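These are the residues of each chain, in order.
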Amino acid sequence: MDELVHLGIIMDGNGRWAKKRNLPRAAGHLEGLKSLKKVIKGAIDEGIKYLTVYCFSTENWKRPEAEVNYLMALFTNKIYGEIRTMGSLGVQVRLLGKREGLPEAALKALDRTVNETSQNDKLVLQLAINYGGHDEIARAVNALIREGVKEVTPELIRSKFDNPDIPPVDFIVRSAGEERLSNFLLFDSAYSELGFYDKLWPDWDEEMIKTVKEDFHKRQRRFGGLA
Ligand code: FPP
């Protein structure tokens, strides 16, 4: 049985959760943050070592300005205060994504959170913010070009990712029923398992992570080889 070491989550359905309740989309995102905290606790309880969550994609800038601003405010004002308290749980926060384009204040709060949690070792929480799989690969190749590399290999490309020390994702799950990757972890998902769940993100909690782990253990991974 393969261990679930690295779980990736596409946190979808905040808007639908809010709409069902006649609330503004922002209320869905705030509730989504609460779920994230429960899920982090669940992941620690289940012995998961790495958790990568898709918070904002390189395509999410197309959303209405008010929604983008709200999400940026969450990253600026909430992560340092709330996710950092996860420090007491041993959570190490890492960033994944393009810095360019993010507001200074958000970067400052995020960097501070990363620095202050760097010694924690129970769970690595990778926040994918202004992240896109295409951008990740293009940035890595550009870094190699700047170094004068004439021919790339998959290993060289991966070595230029934001956090090359983090192992590839084992299981990518998505909430809210849609079945696509939406530019999430394109390179590292080559052999990850995929799971799609109807439950909207704000309805996820610790129990869902138990279910996810059980589902993963039913999979047979072969990585292109034979069983
Ligand atoms: C997708 O739901 C969700 C997002 C684009 C944002 C996810 C962000 C959070 C859960 C907040 C995380 C916050 C911090 C501080 C880490 P959607 O809006 O696409 O929902 P819909 O498909 O129902 O419209």
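Here is what the cut-offs are and how they apply
- Residues numbered from 1 in each chain as written.
- Predicted model: local features only at pLDDT ≥ 70, side-chain atom pairs only at ≥ 80, totals over all residues.
- Heavy atoms only, no water.
- Salt bridge = Lys/Arg side-chain N within 4 Å of Asp/Glu carboxyl O.
- Helix = DSSP H or I, 4+ residues; strand = E, 2+ residues; numbered from the N terminus.
- Buried < 20%, exposed > 50% of the residue type's maximum accessible area, 1.4 Å probe, protein only.
- Near = heavy atom within 4 Å.
- Polar contact = N/O pair within 3.5 Å; in protein donor to acceptor, adjacent residues only side chain to side chain.
- Areas by Shrake-Rupley, 256 points an atom, 1.4 Å probe, with all protein chains shown as cover.
- Nonpolar A, V, L, I, M, F, W, Y, C, P; charged D, E, K, R; others polar.
- Phe/Tyr/Trp six-rings, centres within 6.5 Å; stacked < 30°, edge-to-face > 60°.

Q: Outline the pattern of salt bridges, listing residues and values.
A: Throughout the structure, instances matching the rule amount to 22 salt bridges. Asp 135 is the salt-bridge partner of Arg 139, the closest N and O atoms lying 2.9 Å from each other. With Arg 139 and Asp 135 both in helix α6 (residues 133-146), this residue pair falls four residues apart, about one helical turn. Of the charged contacts in the structure, one is a salt bridge between Arg 221 and Glu 193, with a shortest N-O distance of 4.0 Å. Linking Arg 221 in the segment after α8 (206-217) with Glu 193 in strand β6 (residues 193-196), this pair joins segments that are 28 residues apart in sequence. The pair Arg 221 / Glu 193 is uniform in exposure class, with both members buried. Three or more residues are tied together by salt bridges with common partners; here these are Asp 12, Arg 16, Arg 174, Glu 178 and Arg 180.

Q: Hey, could you go over the site of the ligand for me, with residue numbers and the actual values?
A: Taken together, 17 residues lie near the ligand, and Asp 12, Gly 15, Arg 16, Arg 25 and Arg 63 sit nearest. Within the contact set of the ligand, an oxygen atom lies 2.9 Å away from a side-chain nitrogen or oxygen of Asp 12. The contact in question runs from an oxygen atom of the ligand to an N or O atom on the side chain of Arg 25, over 2.8 Å. Relative to its unbound accessible area of 630 Å², the ligand is 93% covered by the protein chains. Elements represented by at least two residues in the shell around the ligand include exactly α1 (14-20) and α2 (25-45). Per-element accounting of the shell around the ligand gives the leading share, five residues, to α2. Taken together, the residues that form the shell around the ligand break down as seven nonpolar, six polar and four charged.

Q: Talk me through the packing of aromatic side chains; I want residue IDs and the actual numbers.
A: Each pair of aromatic rings is reported with the distance of its centres and the angle of its planes. Evaluation of the coordinates by the stated rule reveals 10 aromatic pairs. Taken together, a centroid distance of 5.4 Å and an interplanar angle of 40° make the contact between Phe 171 and Phe 216 tilted. Linking Phe 171 in strand β5 (residues 171-174) with Phe 216 in helix α8, this pair joins segments that are 45 residues apart in sequence. Residues Phe 171 and Phe 216 agree in their burial class; the two are buried. When the centroid spacing of 5.7 Å and the interplanar angle of 90° are considered together, the rings of Tyr 197 and Trp 204 count as edge-to-face.

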